[in-house]
Amino acid sequence: MTFAVHGLPVARGIAIGRAVLVVSSRIDVAHYFIKPEEIETEIDRVRTARNAVAEELVKLQANVAQMGPNDAPHELAALLEVHQMLLQDEALSGGVKHWISERLYNAEWALTTQLEIIARQFDEMEDAYLRERKADLEQVVERLLHRMKGTAAVLAPSPPRRKRAAAADDDSDNDDPTAGDGIDVPLVLIAHDLSPADMLQFKKSVFAGFVTDVGGRTSHTAIVARSMDIPAVVGARTASQLVRQDDWVIIDGDAGVVIVDPSPIILAEYGFKQRQGDLERGRLARLRHKPAVTLDGQRVELLANIEMPEDTAGAVKAGAVGVGLFRSEFLFMGRESSTRQTRLPDEEEQYQAYKRAVEGMQGMPVTIRTIDVGADKPLDSKSANKQEHLNPALGLRAIRWSLADPAMFLTQLRAILRAAAHGEIHLLIPMLAHASEIRQTLSLIDFARTELDNRGVVHGQVKLGAMIEIPAAALTLRIFLKHFDFLSIGTNDLIQYTLAIDRADESVAHLYDPAHPAVLRLVADTITECRRQGKGVSVCGEMAGDVAFTRLLLGLGLRSFSMHPSRILAVKQEVLRADTGKLEAWAKSVLESDDPAATMAG
Ligand code: PEP
Ligand code: MG
């Protein structure tokens, strides 16, 4: 039966595919695609684990049989019997084999997927006794997962590539998802939540779209989704409970709607919309090599936001004239390990990554933002759990985190300064609010330089920038402009902190308003003051890539926009059609309006 789930649109376009539910197991499992030639090995891993668990259960049963009724109640023997039955159940092993051989899931993923399917069947049972067997099944699967730990043959698999719209990518070099990968249907990802680190794992994978139950429009999960350039909906609340594994799903990333089990008529309608979208992308692709200049001759800088050095290829391809925001924290994420030292990338590893980004941009400038973890970007699941009862958005985040751990910060600073010997790097500091933070940061940068000098290591000059993300910073610009060469407005956080709206919380997403007069005032004043003092200023929050704001920002005097590469061509089209001379007066009227959104629309 067809039904729809509503959420927040975060990445445009239409995706149609079979649902892949990523369930959160009590054991953290890796999700990756294996190669077709690894199917047998993967099935074998499950078989070996099943035999080992069966033996384990037999031993337990024998021990129980030797105990008296006081030491081992009768129910225990019965329970172990149930576990044996569940372990040998064809529904479990058959399903696991199916996901491995038909969808190329790694064994752990296949197991948790099948667990979820059977668990839902248990949930629907009338009989309370049978319903409770779900917990037993979970225990059996956990035993299997424990047994399989450390037996994975492929530790860093290369995921199959996903299909891209051919029209949008006329010089795309072979992005056919099916060729050689053994997956012949488009897949869409459905999850309760995905951490930014999970998202990185899924980046450049086969998925044609994705949906999460939680998250706001500018949550970091949504941001990474946008960088994947696939249709996505977040904040869809119950989607992961309502959608079943392998259901056909349409994701409408423009409207924020997820249609499950669509009828042939609906499928045809969305198929048409999808082709229209592909054509539009094809048309935009022709603007790639056109300089971004307004009708009245104003040159506009369109820069890229990236998460990984490898993203520079997409940035260059999209026609970016530099990187305006490299969110370096993604280099630090998802590296769980027993010791902190091995978890964080060392100076050499970071240096190599920053150098790759510089080289990837082929002489164009790269703005590297120092680590911004905390809030909805935990380093790993352990720190995520620790934050549960705090208010992480107001806590130890970004520069506060760096200043609290100077050794870690200095390591990053040295790596960036060393990479600056290979090309133009701008060093950007996130979340500054206090003059004391500025002082400490600047003296640590000096110290990092001195350390490199003392070691005789080559390093380069960098331009220094600060992010304006906290209203306190936007209201004390003169302090910032005394010390920095440029400012970059992080509207995602500036909106969050101005309006007291958690950007990751879908329940208040309707109040997260980029066009709020207070937000626009802070943005406008920052642009004006920087221009007055001859300092560089750009916007690198999601607002920069939203075509609904391009004209306004141009009218307010902005000439540098940094956004996901996938947004560059659409924004460029707006720039090419704009006349800044005419936009200035209009922008002023928007700024002075009580209802800027209405004034903009009118
Ligand atoms: C912002 O806050 O607007 C920004 C660009 O930084 P991030 O989204 O990574 O917090
Ligand atoms: Mg920010």
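Residues numbered from 1 in each chain as written. Chains lettered and ligands numbered in written order. Predicted model: local features only at pLDDT ≥ 70, side-chain atom pairs only at ≥ 80, totals over all residues. Heavy atoms only, no water.

Peer 1: What's the story with the overall build of the chain in this structure? I'm lost.
Peer 2: Broken down by element type, the chain carries 25 helices and 16 strands. Buried positions account for 54% of the 602 residues belonging to the chain. Looking at the chain alone, contacts between residues at least 24 apart form 71% of all its contacts between residues at least 6 apart. A total of about 26,100 Å² of accessible surface is found on the chain, and carbon and sulfur atoms cover 53% of it. (Helix = DSSP H or I, 4+ residues; strand = E, 2+ residues; numbered from the N terminus. Buried < 20%, exposed > 50% of the residue type's maximum accessible area, 1.4 Å probe, protein only. Contact = heavy atoms within 4.5 Å. Areas by Shrake-Rupley, 256 points an atom, 1.4 Å probe, with all protein chains shown as cover.)

Peer 1: Sorry, what's going on with the sheet that holds strand 3 (residues 14-22) here?
Peer 2: Hydrogen bonding along the main chain pairs the strands of a sheet, whether they run parallel or antiparallel. Read across the sheet, 8 strands follow the order 1-8-7-3-4-5-6-2 without closing on themselves; strand pairing throughout is mixed. Taken across any chain shown, the strands that pair with only one partner, and hence form the sheet edges, are strand 1 (3-6) and strand 2 (8-11). Looking at each pair of strands side by side, their axes are set apart by 30° on average, direction ignored. Each of strand 3 and strand 5 (207-212) is contacted by helix 4 (residues 107-123), which is oriented at about 85° to strand 3, the strand it contacts most. This element, helix 10 (residues 264-285), spans strand 3, strand 7 (248-252) and strand 8 (257-260) of the sheet and lies at about 115° to strand 3. (Pairing = 2+ DSSP bridges. Axes fitted to C-alpha atoms, helices over the stretch in contact; angles between N-to-C directions.)

Peer 1: Honestly, the coordination of the magnesium ion (ligand 2) in this entry has me stumped. Any pointers?
Peer 2: Around a metal, the idealised angle for a tetrahedral arrangement of four donor atoms is 109.5 degrees; for an octahedral arrangement of six donor atoms it is 90 or 180 degrees. At 1.9 to 2.0 Å from the magnesium ion (ligand 2) lie its protein donor atoms, namely Glu469 (OE) and Asp493 (OD). Here Glu469, found in the loop between strand 13 (462-468) and helix 18 (471-474), pairs with Asp493, found in helix 20 (residues 491-499); they are 24 residues apart in sequence, far enough to count as distant. Each of the two residues, Glu469 as well as Asp493, counts as buried. (Donors = N, O, S within 2.8 Å, 3.2 Å for Na, K, Ca; no water.)

Peer 1: Got a minute to help me understand the pattern of salt bridges in this structure?
Peer 2: Oppositely charged side chains may form a pair once their charged atoms are brought near each other. Counted under the stated rule, the structure contains 31 salt bridges. For the salt bridge of Arg397 with Asp372, the shortest nitrogen-to-oxygen distance reads 3.0 Å. Pair noted here: Arg397 is in the loop between helix 14 (381-386) and helix 15 (399-404) and Asp372 is in the loop between strand 11 (366-369) and helix 14, with a separation of 25 residues, a long-range link. Take Arg397 and Asp372: they sit in the same class, and that class is buried. One continuous salt-bridge network, built from bridges that share partners, spans Glu329, Arg369, Asp372, Arg397, Asp493 and Arg503. (Salt bridge = Lys/Arg side-chain N within 4 Å of Asp/Glu carboxyl O.)

Peer 1: Would you take a moment to explain helix 23 (residues 565-577) for this structure?
Peer 2: Residues separated by three or four positions in an α-helix point in the same direction, a consequence of the helix having 3.6 residues per turn. In terms of burial, helix 23 is a largely internal element, 10 of the 13 residues being buried. Buried within helix 23 are the following residues: Pro565, Arg567, Ile568, Leu569, Ala570, Val571, Lys572, Glu574, Val575 and Leu576.

Peer 1: Teacher, can you tell me more about the packing of helix 10 against helix 23 here?
Peer 2: Two packed helices can be described by the angle between their axes and the distance between those axes. It is at 9 Å that the axes of helix 10 and helix 23 come closest, and there the two elements cross at 65°. Judged by the angle between their axes, helix 10 and helix 23 are roughly perpendicular. With respect to the hand of their crossing, helix 10 and helix 23 are arranged in left-handed fashion. On helix 23, the residues touching Glu280, Leu284 and Ala285 of helix 10 are Leu569, Ala570 and Gln573. Grouping the constituent residues of the contact of helix 10 with helix 23 by class yields 4 nonpolar, 1 polar and 1 charged. (Parallel < 35°, antiparallel > 145°, perpendicular 65-115°, else oblique. Left-handed = near helix turned anticlockwise from the far one by under 90°. Nonpolar A, V, L, I, M, F, W, Y, C, P; charged D, E, K, R; others polar.)

Peer 1: Would you mind showing me how to read the site of ligand 1 here?
Peer 2: Surrounding ligand 1, one finds 17 residues, the nearest of these being Arg327, Arg369, Gly490, Asn492 and Arg503. For ligand 1, an oxygen atom lies 3.3 Å from a polar atom in the backbone of Gly490. The backbone of Asn492 places a nitrogen or oxygen atom 2.8 Å from an oxygen atom of ligand 1. Look at ligand 1: alone it shows 290 Å² of surface, and the protein chains cover 100% of it. Those elements that provide at least two residues to the shell around ligand 1 are helix 8 (220-228), strand 10 (323-327) and helix 20. Top contributing element to the shell around ligand 1 by residue count: helix 20, with 3 residues. Of the residues assigned to the shell around ligand 1, the class counts are 4 nonpolar, 5 polar and 8 charged. (Near = heavy atom within 4 Å. Polar contact = N/O pair within 3.5 Å; in protein donor to acceptor, adjacent residues only side chain to side chain.)

Peer 1: Please clarify how the pairing of strand 7 should be interpreted in this entry.
Peer 2: For a regular strand, the rule is simple: side chains alternate between the two faces of the sheet. Within strand 7, 4 of the 5 residues are buried, which leaves it mostly tucked inside the rest of the structure. Alignment of strand 3 against strand 7, held across 5 bridges, turns out to be antiparallel. Residue pairing for strand 7: Ala15 is matched across the bridge by Ile251. Pairing of strand 7 with strand 8 involves 4 bridges; the strand directions are antiparallel. Bridge assignment links Ile250 to a residue of strand 8, and that residue is Ile259.

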